Amino acid sequence: MRGSFAISYTSYPVPHTSHQIINMTHKKHIAVFASGNGSNFEAIAGACAEKRLNAEVALLVCDNPDAHVIKRVEKFNIPVFKFRPKDYATKADYETEIVQLLKKNNVDLICLAGYMRLVSDVLLNEYEGKIINIHPSLLPAFKGLNAIEQAFEYGVKITGVTTHFVDKTMDGGKIIEQVAVPIENCSLEELKERIHAVEHELYVRTIRKLL
Ligand code: GRF
């Protein structure tokens with residue numbers, strides 16, 4: 001199965017530039033927002049640490065203090081704002097606090113990476129056009145939760161990964177880049193592995209393009 005993955009994947013490559021080391025002095029500041037596992041957070045933080053991105057993750061925002069991403073961030077010297085939405089009266093209240101932290105850390109770009117919340121006007125008014133998301137399907141197909149399962153169960157032959165700007169809608173906003181991933185002779189678990197591998201390269205590539 002791994003063999004077929006390799007063949008399929010080389011048909012839909014993420015260009016090699018994602019491995020180039022950038023040699024520039026001014027580092028841009030990224031904030032990553034995550035709610036769960038954090039593999040995309042780690043891909044971005046790792047790319048910064050290895051200088052494949054001329055940037056640093058200046059802040060991790062996490063709305064679930066028990067999430068695995070909190071374990072991952074310990075490997076890096078990155079400040080974390082972890083909070084529980086239920087401790088705030090409204091979304092505007094916690095987003096106001098987040099905006100203050102983003103400004104304090106001179107954040108240039110916000111990367112949602114498995115952040116399981118819609119953003120409101122409080123964030124969008126300050127950072128519209130500077131908030132991006134990654135989604136494990138070829139949007140606009142299969143929005144929302146469990147997009148990989150949705151595509152697999154629907155029986156599509158090609159799915160993929162999308163990076164897009166964030167607006168008020170779920171998985172809406174203008175598309176930045178897409179990479180197709182074929183679904184051939186694979187289990188759901190194998191498809192998830194393919195998709196996540198593509199995500200980790202594509203997100204770094206998109207961030208480089210925007211910065
Ligand atoms: C990824 O599949 C991403 O595309 C989606 O949420 C998932 C987050 O995974 N938005 P991880 O927490 O980065 O491992």
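Predicted model, so just to flag it, every value in this text is computed and none were measured. (Residues numbered from 1 in each chain as written. Predicted model: local features only at pLDDT ≥ 70, side-chain atom pairs only at ≥ 80, totals over all residues.)

**Notes on the overall build of the chain**
Looking only at helices and strands, the chain has seven helices and seven strands in total. Beginning at the N terminus, the succession of helices and strands in the chain can be written as α-β-α-β-α-β-α-β-α-β-α-β-β-α. Burial statistics for the chain: of 211 residues in total, 38% are counted as buried. (Helix = DSSP H or I, 4+ residues; strand = E, 2+ residues; numbered from the N terminus. Buried ≥ 20, exposed ≤ 12 C-beta atoms within 10 Å, placed from the backbone.)

**Considerations on the environment of aspartate 171**
With respect to the secondary-structure elements, aspartate 171 resides in the loop between strand 6 (158–165) and strand 7 (175–182). Note on aspartate 171: 18 C-beta atoms within 10 Å, which makes it partly exposed. A C-alpha to C-alpha distance of 7.8 Å links aspartate 171 and leucine 139, two positions 32 residues apart in sequence. Ignoring sequence-local partners within four residues, the contact set of aspartate 171 consists of His135, Leu139, Lys143 and Gly144. (Contact = placed C-beta atoms within 7 Å.)

**Examining the confidence of the model for the chain**
Of the residues in the chain, 88% have a pLDDT of 70 or more, and the chain-wide mean is 91. Within the model, pLDDT remains below 50 along residues 1–13, and this stretch shows 12 contacts once partners closer than five positions in the same chain are excluded. Here residues 15–19 scores under 50 on pLDDT; set against residues more than four positions off or in separate chains, the count is five contacts. (pLDDT = per-residue confidence, 0-100.)

**Focus on the sheet that holds strand 6**
Taken in spatial order, the seven strands of this open sheet run 3-2-1-4-5-6-7, and their pairing is mixed. Edge positions in the open sheet fall to strand 3 (80–82) and strand 7, since each of these has one partner strand only. Within the sheet, the average angular offset between the axes of one strand and its neighbour, ignoring direction, is 20 degrees. Of the strand pairs in this sheet, strand 6 and strand 7 are connected by seven bridges, and their pairing is antiparallel. Pairing of isoleucine 158 across the sheet is with proline 182, part of strand 7. The strands touched by helix 2 (residues 39–49) within the sheet are strand 1 (28–34), strand 2 (55–62), strand 4 (109–112) and strand 5 (131–135), with strand 2 carrying the most contacts at an inclination of about 155 degrees. (Pairing = 2+ DSSP bridges. Axes fitted to C-alpha atoms, helices over the stretch in contact; angles between N-to-C directions.)

**With respect to helix 4 (residues 91–104)**
End to end, helix 4 covers 20 Å across 14 residues, agreeing with the expected 20 Å (1.5 Å per residue, within 8%). Asparagine 106 occupies a position one or two residues after helix 4 and carries a positive phi of about 50 degrees. (Expected span 1.5 Å × (residues − 1).)

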